[in-house]
Amino acid sequence: MARKKITIVGAGHVGAHAALWMGLKELGDIVLVDIVEGMPAGKALDIKEASPIEGFDSIITGTNDYKDTEGSDLVVITAGLARKPGMSRSDLIDKNSGIVKAVVENVVKYSPDAHLMVVTNPLDVMVYVAWKVSGLPPHRVVGMAGALDSARLRAFISMELGVSVEDVQAMVIGGHADEMVPLKRYTTVSGIPIEQLMSEEAIQRVMDRTRNAGGEIVSLLKTGSAYYAPSAAVAEMAESILKDKKRIIPCAAYCDGKYGLDGVFVGVPVRLGAGGVEEIIEIELNEEERALFDNSVKAIKGLVAELNL
Ligand code: TXD
């Protein structure tokens with residue numbers, strides 16, 4: 001079977017680490033693209049030189065030329081500016097929408113059959129921009145956020161309870177912003193509802209920490225934002241698409257009718273496979289959860305309305 005071809009645009013912190021995780025998983029051959037001259041080629045070479053040690057055979061190259069991305073199966077877009085301390089995700093909107101638009105125009109030209117995965121912030125808005133500019137059907141455009149936010153919640157619960165991260169399942173829906181909605185009713189440890197293991201106060205504490213997890217890392221790092229967990233989450237979603245694993249992962253997906261919405265990208269549980277977003281799973285939300293979700297959707301719509309594409 002021919003190897004899959006993966007393009008990652010933006011060879012910065014998230015992009016380069018995503019290439020490393022994907023290499024380790026042997027998901028395919030990887031092309032790193034950036035506007036900075038030489039840098040993507042340098043990082044690609046560095047990862048290639050790690051491959052004999054870890055034993056993966058992906059061909060990894062870096063380039064400034066979109067021609068080299070031709071025929072990609074999956075294109076991950078991390079190009080843009082990262083949040084700086086004190087800067088909100090919304091502050092990024094103008095700069096990053098221009099970047100994402102330019103990137104999408106280039107990648108679609110060379111890879112009209114690719115799946116697009118958007119990572120650039122503000123995520124729920126940028127994935128909308130990518131979809132709009134690409135002209136692709138919505139099931140081939142997806143945003144990465146819920147995979148990361150859920151992983152963060154899972155990490156915090158495992159730290160709180162002293163149990164394996166492997167046994168913790170969690171679901172965070174809504175936008176990738178302060179209004180994200182961690183769902184405690186859909187959070188379990190080996191199938192045990194979290195409410196049987198943690199006090200309400202402790203649950204609220206880990207859910208609050210999850211909402212602020214991006215900011216917590218930004219303020220510790222001083223420059224740049226999180227990249228190890230974000231890039232791992234990218235690779236997790238890429239694996240589900242490229243290996244047709246059909247995992248159920250919260251992703252920013254186009255909801256038109258689903259959840260009663262009228263054409264908005266927002267984090268919801270998705271079955272991810274070779275068909276991209278193969279299904280949006282409508283879970284039952286109680287009144288409080290629904291109100292929080294609606295509030296998050298409202299915030300996204302407010303940002304999307306500011307766009308002039
Ligand atoms: O959950 C999530 N979705 C996120 C999102 C989690 C973590 C990071 N998140 C966002 O991803 C973050 O707020 C940024 O918007 C992106 C990328 O974050 P990263 O930490 O990787 O930023 P870097 O290291 O600054 O890398 C960005 C790269 C950098 O090398 C630039 O030169 C490049 O993007 N860049 C471009 N490449 C190609 N084409 C254009 N036009 C371009 N502009 C910048």
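Residues numbered from 1 in each chain as written. Predicted model: local features only at pLDDT ≥ 70, side-chain atom pairs only at ≥ 80, totals over all residues. Heavy atoms only, no water.

**Focus on the pairing of strand S4 (residues 74-77)**
The alternating pattern of S4 places Leu74 and Val76 and Val75 and Ile77 on opposite faces, both of which are buried. In terms of strand pairing, strand S1 (residues 5-9) meets S4 through 4 bridges, oriented parallel. Paired with Thr7 across the strands is Val75, a residue of S4. Examined bridge by bridge, S4 and strand S5 (residues 115-118) share 4 bridges and lie parallel to one another. Paired with Val76 across the strands is Met117, a residue of S5. (Buried < 20%, exposed > 50% of the residue type's maximum accessible area, 1.4 Å probe, protein only. Helix = DSSP H or I, 4+ residues; strand = E, 2+ residues; numbered from the N terminus. Pairing = 2+ DSSP bridges.)

**Observations regarding the layout of surface pockets**
There is about 960 Å³ of room inside the largest pocket. Lining the largest pocket we find 44 residues, and of these Thr78, Ala79, Gly80, Leu81 and Ala82 sit closest to its centre. Those elements that provide at least two residues to the lining of the largest pocket are helix H1 (13-24), helix H3 (93-110), helix H5 (146-161) and helix H7 (213-221). Here the lining of the largest pocket gets 5 residues from one element, more than from any other, and that element is H3. Looking at side-chain class alone, the lining of the largest pocket contains 23 nonpolar, 16 polar and 5 charged residues. (1 Å grid on protein atoms, 1.4 Å probe; cavity = no way out; pocket = protein on both sides within 12 Å on 5 of 7 lines; lining within 4 Å. Points joined across faces, edges and corners; volume = space filled by probe spheres on them. Nonpolar A, V, L, I, M, F, W, Y, C, P; charged D, E, K, R; others polar.)

**Overview of the site of the ligand**
The immediate surroundings of the ligand are formed by 28 residues, with His13, Val14, Asp34, Leu81 and Met144 found nearest. One of the backbone N or O atoms of His13 is found 2.9 Å from an oxygen atom in the ligand. A distance of 2.8 Å separates a nitrogen atom of the ligand from a polar backbone atom of Met144. Protein contact buries 88% of the 860 Å² of open area that the ligand shows by itself. Its atoms largely coinciding with the cavity grid, the ligand occupies the largest pocket. For the shell around the ligand, the elements supplying multiple residues, two or more each, are H1 and H3. Looking at the shell around the ligand, the element that brings in the most residues is H3, giving 3 residues. Taken together, the residues of the shell around the ligand sort by class into 17 nonpolar, 9 polar and 2 charged. Composition of the shell around the ligand by domain shows at least three residues from each of domain 1 (5-143) and domain 2 (146-305). (Near = heavy atom within 4 Å. Polar contact = N/O pair within 3.5 Å; in protein donor to acceptor, adjacent residues only side chain to side chain. Areas by Shrake-Rupley, 256 points an atom, 1.4 Å probe, with all protein chains shown as cover. Sits in = over half its atoms within 2 Å of the grid points. Domains from an automatic or database assignment.)

**Looking at the environment of Leu81**
Looking at the secondary structure, you find Leu81 in the loop between S4 and H3. Classification of Leu81 by relative accessible area gives partly exposed; the value is 34%. With 69 residues separating them in the primary sequence, Leu81 and Gly12 have C-alpha atoms 9.6 Å apart. Ignoring any residue separated from it by four or fewer positions in sequence, one finds Leu81 in contact with Leu92, Lys95 and Asn96. (Contact = heavy atoms within 4.5 Å.)

**Some points on unusual backbone geometry**
Note that the residue after Asn121, namely Pro122, is joined by a cis bond; omega there is -10°. Within the secondary structure, Pro122 is located in the loop between S5 and helix H4 (123-134). In this structure, Lys246 is a non-glycine residue whose phi angle is positive, near 60°. Topologically, Lys246 is positioned in the loop between helix H8 (228-242) and strand S12 (247-256). Given the relative accessible area of 35%, Lys246 is considered partly exposed. Here Tyr259, not a glycine, exhibits a phi torsion of approximately 55°, which is positive. Tracing the backbone shows Tyr259 in the loop between S12 and strand S13 (262-273). Judged by relative accessible area, Tyr259 falls into the buried class, the value being 4%.

**Here's the deal with empty space enclosed by the protein**
Using the criterion set out here, one finds 2 cavities of 30 Å³ or more in the structure. A volume near 50 Å³ is recorded for the largest cavity. Every element with two or more residues in the lining of the largest cavity is listed here: H4, H5, strand S8 (172-173) and S12. Its residues placed into classes, the lining of the largest cavity shows 6 nonpolar, 5 polar and 2 charged. Empty space within the second largest cavity amounts to approximately 30 Å³. Every residue lining the second largest cavity is listed: Leu153, Ile157, Lys184, Thr187, Ile194, Ile203, Val206 and Met207. Going through the elements one at a time, H5 and helix H6 (200-211) are the ones with two or more residues in the lining of the second largest cavity. Top element by residues in the lining of the second largest cavity is H6. It accounts for 3 residues. Of the residues belonging to the lining of the second largest cavity, the class tally is 6 nonpolar, 1 polar and 1 charged.

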